[in-house]
Amino acid sequence: LAVTLNVATPLTFFGRAKLKTQFLQLSKHVGILSQSRMLHDKAFINGEWVYAKSGKTFAVTNPATQEVIATVPDMNHEDTELAIQAAKQAFNSWKNTTGKERAKLMRKWYDLAVAKQDELAKVLTLENGKPLKESVGEIIYSTDYLEFYAEEARRIHGEVLSSPIPSKTMILVREPIGVIGMLTPWNFPTAMIARKAAAAIASGCTCVIKPAEDTPLSALLLAEVANEAGIPPGVINVVTASRENTPSVGEKLCSSEQIAGISFTGSTAVGKILYKQCSSTIKRLGLELGGNAPFIIFESADLDNAVAGVMASKFRNTGQTCVSTNRILVHEKVHDQFVEKLKSSMASLVVGDGFNPSCSLGPLINKTQFLKVSALVQDALSKGAKKIVGGEPHQLGGTYYEPTLLTGINPTMQAYKEEIFGPVAMTLTFSTEEEALRIANDTRSGLASYFFSNDLSQIRRVSKGLEYGMVGINEGIISAAEAAFGGIKESGFGREGSKHGIDDYTQLKYLCFGNLS
């Protein structure tokens, strides 16, 4: 190809130069792929790498360059059924393993994932677009779950009850519920699988994973690492499907009597569909859905710390996180000062390809997300918002969007009501604590919330008053393997992480021993 570009006579000198530049850019990514050993072009079912029965595939692109980086099987309900049967067969033996046996295998999975950290991170950046340093952070975060649940596998305890009758002994035991269908998002394609699968496998369950169509490669690579660690065939299965086939795969997982539970992270709209589809078989459900996170800055707050908290919460993964700050509520006496400090801090953000070491913001994941963010900003500006920074597509083109700061947000704007999922910070003012809580709670979402204050009594009141599953107090990063992650209201139910992450995958069985002397 390089020789062809040099001697291509129909092209002008400048045309050849442009193609050579594109080729060098592609070569850089090919080099990354070589270092990553391989990008899988098959799905993973019952310990084997397989194509779709139809033979169909779909393309995976790099959002930074719009280049096709791989093709993977475009599976449908028939392929999903094969994965379900493999997981069911594996469950019959996996459920009888001891917690210690599962812990040993999961520890190997953790050790191998740590050893392959760079490889996992490069594939993640290649298909998701986030800065490589953030991808490394995600892999570390992912392996934290593998490690935590490897340890937790040996601590899934039952209870001995106090019997009201001397001749009876009453015991509660925890058992794995069965095969789990997992539908995972593109924004944290490795971490969300690790968080779900680690808890399920530690509990004695098996799983069928349907990764987002934008980011299937990270799921396949994580499955490869699990396979190398000795996780038995059928315990982990990965079904890849295009956007067109995803509904049929999801419906199959929800309607199958062989699937005992569904774990989903994604939009509230899709979560409601899955909820309905699961009703026919009364499945166990864990739903981590959309958010509309408020970030409240009270008059007593340390503004420098608050700015750092907003920067961490708002702009990580280009604002594409479910716990990302959506509405910044600032006390009217400190609003202008805070905005100046935030504007100054945002000046340090560098937009670009995630493989650029200086990059702090990558592209939005796809054209749909780009158009949504653009529309939300334009709607806000048309309804009176003031543009302080950004507000336009980035000069790099593609799906890059400028880091944006808007003030004067009000309830008539779509961005006030909807999850933005982009690098757009928005502020509005309040005058009293009661007003701040009213505005913060004025949403059907209830995932994450944040506030900054140095008033201890206020901290106690506001932390109780916020109607959210998680509250960051003088802190913008709240996720950890040890913490219970999840929301209330239309942000879903169930918890991931912590010892409570086991609950979605286990059931209590009551044993009553009678006629004992």
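Residues numbered from 1 in each chain as written. Predicted model: local features only at pLDDT ≥ 70, side-chain atom pairs only at ≥ 80, totals over all residues. Heavy atoms only, no water.

For the chain, an unreviewed UniProt entry supplies the name Succinate-semialdehyde dehydrogenase, mitochondrial and the organism Orchesella cincta. Heading Pathway (unreviewed entry) of the UniProt record for the chain holds this comment: "Amino-acid degradation; 4-aminobutanoate degradation." Per UniProt, the chain carries the Sequence similarities (unreviewed entry) text "Belongs to the aldehyde dehydrogenase family." (UniProt positions renumbered as here; feature names shortened; annotations may be inferred.)

Caption draft 1: Up close: the overall build of the chain. Helix and strand counts for the chain come out as 16 helices and 20 strands. Relative to the globule expectation of 24 Å for 517 residues, the C-alpha radius of gyration of the chain, 24 Å, shows essentially globular dimensions. Taken over 517 residues, the chain has a buried fraction of 54%. At a minimum sequence separation of 6, the contacts of the chain that also span at least 24 residues come to 73%. Of the roughly 21400 Å² that the chain leaves accessible, carbon and sulfur atoms contribute 54%. Placing the 53 positive and 52 negative side-chain charges of the chain at their respective mean positions leaves the two points 2 Å apart. (Helix = DSSP H or I, 4+ residues; strand = E, 2+ residues; numbered from the N terminus. Rg over C-alpha atoms; globule rule 2.2 N^0.38 Å. Buried < 20%, exposed > 50% of the residue type's maximum accessible area, 1.4 Å probe, protein only. Contact = heavy atoms within 4.5 Å. Areas by Shrake-Rupley, 256 points an atom, 1.4 Å probe, with all protein chains shown as cover. Lys, Arg positive; Asp, Glu negative; His and termini not counted. Charge placed at Lys NZ, Arg CZ, Asp CG, Glu CD.)

Caption draft 2: Fine view of unusual backbone geometry. Non-glycine residue I282 carries a positive phi angle of around 50°. Structurally, the position occupied by I282 is in the loop between α10 (268-278) and β11 (284-288). By relative accessible area, which is 71% here, I282 ends up exposed. Not every positive phi belongs to a glycine, and N515 is a case in point at roughly 55°. With respect to the helices and strands, N515 occurs in the segment after β20 (506-513). For N515, a relative accessible area of 80% gives the class exposed.

Caption draft 3: Region of interest: the UniProt feature "domain: Aldehyde dehydrogenase" (unreviewed entry) in the chain. The UniProt entry lists residues 49-510 under the feature "domain: Aldehyde dehydrogenase" (unreviewed entry), expressed in the numbering used here. The straight-line gap between the two end C-alpha atoms of residues 49-510 is 41 Å; of that span, 39% is helix and 20% is strand.

Caption draft 4: Representation of the sheet that holds strand β6 (residues 169-176) within the structure. Ordered by their spatial adjacency, three strands build an open sheet running β5-β6-β20, and the pairing between neighbours is antiparallel. At either margin of the open sheet sits one strand with a lone partner, and together these are β5 (159-161) and β20. Geometrically, the sheet is characterised by an average inter-axis angle of 25° between neighbouring strands, direction not taken into account. (Pairing = 2+ DSSP bridges. Axes fitted to C-alpha atoms, helices over the stretch in contact; angles between N-to-C directions.)

Caption draft 5: Examining the packing of helix α6 (residues 132-152) against helix α7 (residues 191-203) more closely. Where α6 meets α7, the closest approach of the two axes is 9 Å, and the angle between their N-to-C directions is 5°. If you check the angle between α6 and α7, you find them roughly parallel. On α7, the residues that touch E138, Y141, S142, Y145, L146 and Y149 of α6 are A191, A194, R195, A198, A199 and A202. For the contact of α6 with α7, the residue count by class is nine nonpolar, one polar and two charged. (Parallel < 35°, antiparallel > 145°, perpendicular 65-115°, else oblique. Nonpolar A, V, L, I, M, F, W, Y, C, P; charged D, E, K, R; others polar.)

Caption draft 6: Representation of helix α13 (residues 367-382) within the structure. In this model α13 runs 22 Å from its N-terminal to its C-terminal C-alpha over 16 residues, within 8% of the 22 Å that 1.5 Å per residue would give. Listed as buried for α13 are Q369, F370, V373, S374, L376, V377, D379 and A380. Of the surrounding elements, those touching the buried residues of α13 are β15 (404-407), α14 (414-417) and β16 (424-430). Sitting at the head of α13, N366 places a side-chain oxygen 3.3 Å from the backbone nitrogen of T368. Directly after α13, the chain includes G384, whose backbone phi takes a positive value near 110°. (Expected span 1.5 Å × (residues − 1). Polar contact = N/O pair within 3.5 Å; in protein donor to acceptor, adjacent residues only side chain to side chain.)

Caption draft 7: Representation of the sheet that holds strand β12 (residues 293-297) in the model. Taking strand neighbours across the sheet as the criterion, the seven strands line up as β14-β15-β16-β13-β12-β17-β18 in an open arrangement whose pairing is mixed. One side of each edge strand has no neighbouring strand; the edge strands of this open sheet are β14 (386-389) and β18 (470-473). Between one strand axis and the next, the sheet turns by 25° as a mean value, whatever way the strands run. In this structure, β15 lies alongside β16, joined through three bridges in parallel fashion. Considered in β16, the bridge of L405 is made with A425. The strands touched by helix α11 (residues 303-315) within the sheet are β12, β13 (325-331), β15, β16 and β17 (448-452), with β12 carrying the most contacts at an inclination of about 170°.

Caption draft 8: View of the UniProt feature "active site" (unreviewed entry) in the chain. Here the UniProt feature "active site" (unreviewed entry) sits at E288. Looking at the secondary structure, you find E288 in strand β11. What E288 contacts, discounting residues up to four positions off in sequence, is M192, R195, F264, T265, G266, C322, L447, F485 and S491.

Caption draft 9: Structural context of the layout of surface pockets. The calculated volume of the second largest pocket comes to roughly 290 Å³. Considering the residues around the second largest pocket, the lining is formed by 18 residues, among which T61, D214, R243, I365 and N366 are closest to the centre. Going through the elements one at a time, β3 (57-62) and α13 are the ones with two or more residues in the lining of the second largest pocket. Considering each element in turn, the lining of the second largest pocket owes the most residues, four residues, to β3. (1 Å grid on protein atoms, 1.4 Å probe; cavity = no way out; pocket = protein on both sides within 12 Å on 5 of 7 lines; lining within 4 Å. Points joined across faces, edges and corners; volume = space filled by probe spheres on them.)

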